Amino acid sequence: MACSSLTEVPSSLQYLDKLEELDLGFCYNLRSFPMLDSKVLSVLLISRCLDVTMCPTISQNMKWLQLEETSIKEVPQSVTGKLELLFLDGCSEMTKFPEISEDIRTLYLSGTAIKEVPSSIQFLTRLYVLDMSGCSKLETLPEITVPMKSLQHLYLSKTGIKEVPSSLIKHMISLITLNLDGTPIKELPLSIKDMVCLEDLTLHGTPIKALPELPPSLRNLSTHDCASLKTVISIINIGRLWFGLDFSNCFKLDQKPLIAAMLLKIQVSLLTPSIFLLSLLLASSHFRNVTSVLQSGEEIPLGRIQMVLPGSEIPEWFGDKGIGSSLTIQLPSNSHQLKGIAFCLVFLLPLPSHDMLYEFVDRSYVHVYFDYHVKSKNGEHDGDDEGVFASQGSRALSLNLKTCDSDHMILRYELELVNHLRQYSGNEVTFKFHHHEVDNRGGKVGQEIQKPFKLKNCGVYLHFDENLLADTDLP
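Note that the structure is a prediction, hence the values are computed from the model and not measured.

### Topic: the overall build of the chain
Here is step 1 of the chain: Of regular secondary structure, the chain possesses four helices and 26 strands.
Here is step 2 of the chain: Relative to its 475 residues, the chain shows a buried fraction of 53%.
Here is step 3 of the chain: Of the contacts made within the chain by residues no fewer than 6 positions apart, 50% connect residues no fewer than 24 positions apart.
Here is step 4 of the chain: For the chain, the exposed area adds up to about 22200 Å²; of that, 51% sits on carbon and sulfur atoms.

Below is the structure:
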């Protein structure tokens, strides 16, 4: 536990020959620390001790050393002998990359004043996580000449990195996470498509101008606030992205290829060859910047597609459109062949109030829900089913609303919802979009407090599969 009155650790501590872990976190006034020659002490935490200026002399058996937000300037090599985890986050006085043993697995250096990374880092054969986010003086990365098979997570956000070396792309063969948000990077190597393990790519707030073809393994792509972004070469894996595509505040982006490709992605898995060719002809004028054609028969793994774009013009392929936060449509007689349903919601921004926002770190999330009511020909309700669109779970729909000051729209395609609608062929269905009132901390004020979500307009697109039979229960 934190002890704000503790200024020094008694030297008798070194005689505790059975002490394995020592936590001195948040001891804000701690200044001195005795030499520890313990052969069993393996975990030492001296985090948030701002007055600690020198790294304590410890044994070679230390495996976990946590010194974040201290005033130390360097970590002697004699300390890092068998270290597996080293935390130096927020050590703003540290200017030199520490000399680390080959046993290191996790290395946190975020917020330090380090200016360069030695090429020897490629020989850390067990390194799993490297975090250098917030190292604003770091402008270049070393050339990598050997495969770094163990490194899976690399965080470089808000550094001065201007380019990603192609050798890094080639040899970081196991990389899962690459975080580059807030850097001055203007382009990515074309070879990034070959990073077959990459799942999470963060680029928001960068001056990047074009997105090259990305690896099909990608699950999360963060691109909001990329003010210079104009073209996206391929979105072949749009249906595989966990959170969809968020292009909020990307005002220079050519949207037409993206919207056309989203429609094609929706239709392509079930289209007959003749209809498929027809859809290509209809969208051909929008595919000048799309170099990869979506593969026929490819499934949508998570059962949804989502994309956020600046603007307020609902695409033409949304046959039913309405003004405001509700829309009534007539279900056709062949509703049993419904494969999926798409919504387009146009937000009026900036929002007039914050009673619908969920604050998280430096972003504000808006959660939109909908319910629908089917009205039969005799004026009664056949059902009062309720669905959730963009909930806090896997259907979360978000915008960085703190910085959005113009209209944005969200396109969302759902597979699951149609299971409830197939039985209501020929009837009217009304969709109403709403939000739960929240307090200033983002918590719900009450489970029953719902307010209509103020939308400029909305649209609905019904996607049919002629091969579905009337008694089909699953999409």
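### What to know about a positive patch on the surface
Here is step 1 of the chain: Together, Lys 186, Lys 209, Lys 230 and Lys 252 give the surface a local cluster of positive charge.
Here is step 2 of the chain: Tracing the backbone through its elements, the reader meets Lys 209 in the loop between strand E9 (200-202) and strand E10 (210-211).

### Remarks on the packing of aromatic side chains
Here is step 1 of the chain: By the definition in use, this model includes eight aromatic pairs.
Here is step 2 of the chain: A ring pair is formed by Phe 87 and Tyr 108, whose centres lie 5.0 Å apart and whose planes are at 10°; its orientation type is stacked. Here Phe 87 is found in strand E4 (residues 85-87), whereas its partner Tyr 108 is found in strand E5 (residues 106-108), with 21 residues between them in sequence.
Here is step 3 of the chain: The exposure class assigned to Phe 87 is buried, which follows from its relative accessible area of 14%.
Here is step 4 of the chain: Measuring from ring centre to ring centre gives 6.3 Å for Phe 318 and Tyr 461, while their planes differ by 65°; the resulting arrangement is edge-to-face. Placement of Phe 318 in the loop between strand E14 (304-310) and strand E15 (320-323) and of Tyr 461 in strand E26 (residues 455-464) is noted, with a sequence separation of 143 residues between them. An identical accessibility class is assigned to Phe 318 and Tyr 461; each is buried.

### What to know about the side chain of Arg 412
Here is step 1 of the chain: In this fold, Arg 412 is placed in strand E23 (residues 408-414).
Here is step 2 of the chain: Here the side chain of Arg 412 touches Gln 306 through a polar contact of 2.3 Å, side chain to side chain.

### Some thoughts on the pairing of strand E20 (residues 369-375)
Here is the key point about a regular strand: its side chains alternate between the two faces of the sheet.
Here is step 1 of the chain: For E20, a buried count of five out of seven residues is recorded, marking the element as mostly surrounded by other parts of the structure.
Here is step 2 of the chain: Sheet topology places E20 next to strand E24 (residues 428-436); seven bridges connect them, and they run antiparallel. Bridging across to E24, Val 374 finds its partner in Val 429.

### Focus on the confidence of the model for the chain
Here is step 1 of the chain: Chain-level pLDDT for the chain is 79 on average; 77% of the residues reach the 70-or-more range.
Here is step 2 of the chain: This stretch, residues 270-297, has a pLDDT under 50; its non-local contacts, to residues over four places away or in other chains, come to 41 contacts.
Here is step 3 of the chain: Confidence drops under pLDDT 50 across residues 385-396; counting only partners more than four residues distant or on other chains, this segment forms 40 contacts.

### With respect to empty space enclosed by the protein
Here is step 1 of the chain: For the structure shown, the criterion picks out four cavities of 30 Å³ or more.
Here is step 2 of the chain: As for the largest cavity, its lining consists of Val 117, Ile 121, Leu 130, Leu 141, Pro 142, Ile 144, Met 148, Leu 151, Leu 154, Leu 156, Leu 168 and Met 172.
Here is step 3 of the chain: A per-class count over the lining of the largest cavity returns twelve nonpolar, no polar and no charged.

### Focus on helix H2 (residues 256-268)
Here is step 1 of the chain: Look at H2: 18 Å from first C-alpha to last across 13 residues, which is about the 18 Å you get at 1.5 Å a residue.
Here is step 2 of the chain: Among the 13 residues in H2, twelve count as buried, and that is most of the element.
Here is step 3 of the chain: All of the buried residues along H2 are Pro 257, Leu 258, Ile 259, Ala 260, Ala 261, Met 262, Leu 263, Leu 264, Lys 265, Ile 266, Gln 267 and Val 268.

### Considering a nonpolar patch on the surface
Here is step 1 of the chain: Taken together, Trp 242, Phe 243 and Leu 302 make up a surface patch of nonpolar side chains, about 290 Å² in accessible area.
Here is step 2 of the chain: A relative accessible area of 48% places Phe 243 in the partly exposed class.

### Thoughts on unusual backbone geometry
A negative phi angle is the norm for most residues apart from glycine, just as the trans form is the norm for most peptide bonds.
Here is step 1 of the chain: The phi dihedral of Glu 69 is positive, around 60°, even though this residue is not glycine.
Here is step 2 of the chain: On the secondary structure map, Glu 69 appears in the loop between strand E3 (64-66) and E4.

### Brief notes about the pattern of salt bridges
Here is step 1 of the chain: One pass over the structure, following the stated rule, counts five salt bridges.
Here is step 2 of the chain: Between Glu 69 and Arg 48 there is a salt bridge, with the nearest N and O atoms lying 3.8 Å from each other. One end of the pair, Glu 69, is in the loop between E3 and E4; the other, Arg 48, is in the loop between strand E2 (43-45) and E3, with 21 residues separating them in the sequence.
Here is step 3 of the chain: Put simply, Arg 48, Glu 68 and Glu 69 are held in one network by salt bridges that share partners.

### A closer look at the nonpolar core
Here is step 1 of the chain: Among the nonpolar cores identified, the biggest contains 94 residues, and Leu 65, Met 132, Leu 201 and Phe 247 are the most heavily contacted of them.
Here is step 2 of the chain: Those elements that provide at least two residues to this core are helix H1 (166-171), H2, E14, strand E17 (338-347) and E23.
Here is step 3 of the chain: With five residues, the top contributor of residues to this core is H2.
Here is step 4 of the chain: Once residues within four sequence positions are removed from consideration, Leu 201 is found in contact with Leu 178, Leu 188, Ile 192, Leu 214, Leu 218, Asn 220, Leu 221 and Ser 222.
Here is step 5 of the chain: Counting residues in each nonpolar core, the second largest holds 31 residues, with Phe 347, Leu 351, Cys 458 and Val 460 among its members.

### A look at the environment of Gly 81
Here is step 1 of the chain: Within the secondary structure layout, Gly 81 lies in the loop between E3 and E4.
Here is step 2 of the chain: By relative accessible area, which is 23% here, Gly 81 ends up partly exposed.
Here is step 3 of the chain: Sequence spacing of Gly 81 and Asn 61 is 20 residues, and the spatial spacing of their C-alpha atoms is 7.4 Å.
Here is step 4 of the chain: Excluding residues that lie within four positions of it along the chain, Gly 81 makes contacts with Gln 60, Ser 101 and Asp 103.

### So, the environment of Pro 257
Here is step 1 of the chain: Tracing the backbone through its elements, the reader meets Pro 257 in helix H2.
Here is step 2 of the chain: Accessibility expressed as a relative area gives 5% for Pro 257, which makes it buried.
Here is step 3 of the chain: The spacing of Pro 257 and Ile 233 is 24 residues in sequence and 9.1 Å in space, taken between C-alpha atoms.

### Brief notes about the environment of Ser 234
Here is step 1 of the chain: Looking at the element boundaries, Ser 234 is found in the loop between strand E12 (231-232) and strand E13 (245-246).
Here is step 2 of the chain: Of the residues examined, Ser 234 reaches a relative accessible area of 5% and is grouped as buried.
Here is step 3 of the chain: The spacing of Ser 234 and Ala 261 is 27 residues in sequence and 8.8 Å in space, taken between C-alpha atoms.

Conventions we followed
- Here the residue numbering is sequential within each chain, running from 1 through the sequence in written order.
- For this predicted model, a pLDDT threshold of at least 70 governs which residues receive local features, and a threshold of 80 or more governs which side-chain atom pairs are given and counted, while totals over whole chains, interfaces and linings are taken from all residues.
- Hydrogens and water molecules were not included; the side-chain quantities draw on all heavy atoms of the structure.
- Going along the chain from the N terminus, every DSSP run of H or I of four or more residues is numbered as a helix, and every run of E of two or more is numbered as a strand.
- Think of it in three bands: residues with accessible area under 20% of the maximum for their type are buried, residues over 50% are exposed, and the middle band is partly exposed, with areas taken using a 1.4 Å probe on protein chains only.
- The criterion used for residue contact is that any of the two residues' heavy atoms lie within 4.5 Å.
- Exposure was quantified through the Shrake-Rupley algorithm and a 1.4 Å probe, taking into account, for residues, occlusion by the shown protein chains and nothing else.
- A patch is a set of surface residues, each over 30% in relative accessible area and not in a salt bridge, joined within 9 Å for like charges and within 5 Å for the nonpolar side chains Val, Leu, Ile, Met, Phe, Trp and Tyr.
- For this document, the term salt bridge refers to a Lys or Arg side-chain nitrogen within 4 Å of an Asp or Glu carboxyl oxygen.
- Neither His nor the chain ends is counted toward charge; the positive residues are Lys and Arg and the negative residues Asp and Glu.
- In plain terms, the charge of a residue is placed at NZ if it is Lys, CZ if Arg, CG if Asp and CD if Glu.
- Each pair of aromatic rings taken from Phe, Tyr and Trp, with Trp reduced to its six-membered ring, is defined by centres within 6.5 Å and is described as stacked if the planes are under 30 degrees apart, edge-to-face if over 60, and tilted in the remaining cases.
- A 3.5 Å cut-off defines polar contacts: any pair of N or O atoms within that distance qualifies, except that in protein one atom must be a possible hydrogen donor and the other a possible acceptor, and neighbouring residues in sequence count only when both atoms are side-chain atoms.
- The criterion for strand pairing is that DSSP finds at least two bridges linking the strands in question.
- You can read pLDDT as the predictor saying how much it trusts each residue, on a scale of 0 to 100.
- The pocket and cavity definitions rest on a 1 Å grid over protein atoms only: a 1.4 Å probe that fits but cannot leave marks a cavity, an open set with protein on both sides within 12 Å along at least five of seven lines marks a pocket, and residues lining either have an atom within 4 Å of a point.
- Grid points are joined across faces, edges and corners, and a volume is the space filled by probe spheres set on the points.
- Residues were grouped as follows: Ala, Val, Leu, Ile, Met, Phe, Trp, Tyr, Cys and Pro as nonpolar; Asp, Glu, Lys and Arg as charged; and all remaining residues, including Gly, as polar.
- To estimate how far a helix should extend, the number of its residues minus one is multiplied by 1.5 Å.
- In this text, buried Ala, Val, Leu, Ile, Met, Phe, Trp, Tyr and Cys residues form a nonpolar core when linked through side-chain atoms within 4.5 Å.

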